[in-house]
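The residues making up each chain are set out below.
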Amino acid sequence: PQLFIGGELIGGADIVADMFNSGKLQEALRNAGKSDEEKEAPSAGSSGANLPKGEIKLIEDSKRPTASKLSSLLNENFDLHALRIMDDSGSHAGDAGAMEMGLSGESHFTVEIVAPEFDGLSPVARQQKVFGVLKDLMPRIHALSLVTKTPAEMVMQ
């Protein structure tokens, strides 16, 4: 695969991955279609300090203990700029793997999280960071799909 921005070839998968890891890709995407005068200077990082926060949907519901604990752990361990937790368990009713684990309710989740702690991390390292925070809760979860972004990546959408 190759990436083109504004009709210009940026590069293949390896180059795009290197650009992503260095932060140059988000600068290129942010500046796409701008004149030279409008283009932003490269930033030192995307800590998120000056970026607006999105919607943070925390869950506090005694009837949803796993989702509530998931929400609480993420809120306590990350500087959340956006959070959305979706319980996908209903779509997986009777899932053999979940039933083997003794799970009959909250067992499948999709989490979309935006936090500056992901800045400079590869997608795998971001997921490892989240799983590290959730390690004690994971025995109660059969499937967890993660979408992890930095505040700068959220703004670029």
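Criteria and thresholds
Residues numbered from 1 in each chain as written. Predicted model: local features only at pLDDT ≥ 70, side-chain atom pairs only at ≥ 80, totals over all residues. Heavy atoms only, no water. Pairing = 2+ DSSP bridges. Helix = DSSP H or I, 4+ residues; strand = E, 2+ residues; numbered from the N terminus. Axes fitted to C-alpha atoms, helices over the stretch in contact; angles between N-to-C directions. Contact = heavy atoms within 4.5 Å. Phe/Tyr/Trp six-rings, centres within 6.5 Å; stacked < 30°, edge-to-face > 60°. Core = buried A, V, L, I, M, F, W, Y, C linked by side-chain atoms within 4.5 Å. Buried < 20%, exposed > 50% of the residue type's maximum accessible area, 1.4 Å probe, protein only. Salt bridge = Lys/Arg side-chain N within 4 Å of Asp/Glu carboxyl O. pLDDT = per-residue confidence, 0-100. Right-handed = clockwise from strand over helix to strand, strands pointing away.

Quick word on the sheet that holds strand β3 (residues 82-87)
Sheet architecture is open: 3 strands sit in the order β3-β4-β5, paired in mixed fashion. Taken across any chain shown, the strands that pair with only one partner, and hence form the sheet edges, are β3 and β5 (143-149). Along the sheet, successive strands turn relative to each other by an average axial angle of 10 degrees, direction set aside. Across 6 bridges, the pairing between β3 and strand β4 (residues 108-114) is antiparallel. Of the residues in β4, the one forming a bridge with Ile85 is Val111. The strands touched by helix α3 (residues 65-77) are β3 and β4; relative to β4, the strand with the most contacts, the crossing angle is about 20 degrees.

Re the packing of aromatic side chains
Inspection of the entire model under this criterion finds 1 aromatic pair. With 5.4 Å between their ring centres and 40 degrees between their planes, Phe78 and Phe118 make a pair best called tilted. Within this pair, whereas Phe78 is found in the loop between α3 and β3, its partner Phe118 is found in the loop between β4 and α5 (123-133), the two being separated by 40 residues in sequence.

Some words on the nonpolar core
Ranked by size, the top nonpolar core spans 21 residues in total, and within it Leu70, Leu74, Phe78, Val111, Ile113, Leu134 and Leu144 carry the most contacts. The element best represented in this core is α3, accounting for 4 residues. Setting aside its immediate chain neighbours within four residues, Leu74 contacts Leu80, Leu83, Val111, Ile113, Val130 and Leu134.

As for the pattern of salt bridges
Within the structure shown, the criterion is met by 4 salt bridges. Between Asp79 and Lys53 there is a salt bridge, with its nearest N and O atoms 3.2 Å apart. With Asp79 in the loop between α3 and β3 and Lys53 in the loop between α2 (24-31) and α3, this pair connects stretches of sequence that are 26 residues apart. Among the ionic pairs, Arg126 bridges to Glu153, the shortest N-O distance being 2.9 Å. Here the residue Arg126 occupies a position in helix α5, and Glu153 occupies one in helix α6 (residues 151-156), the gap between them amounting to 27 residues.

Section: the confidence of the model for the protein
Confidence along the protein averages 79 in pLDDT terms, with 77% of residues attaining 70 or more. Across the protein, element-level confidence peaks in α5 with a mean pLDDT of 95 and bottoms out in helix α4 (residues 96-100) with 51. A low-confidence stretch, residues 41-46 stays under pLDDT 50, and its non-local contacts, those more than four residues away or across chains, total 10 contacts.

Focus: the pairing of β4
For β4, the buried fraction is high: 6 of the 7 residues fall into the buried class. Where β4 and β5 come together, 7 bridges link them in parallel fashion. Within β5, the position partnered with Phe109 by the bridge is Leu144. In this fold, the crossover linking β4 to β5 by way of α5 has right-handed handedness.

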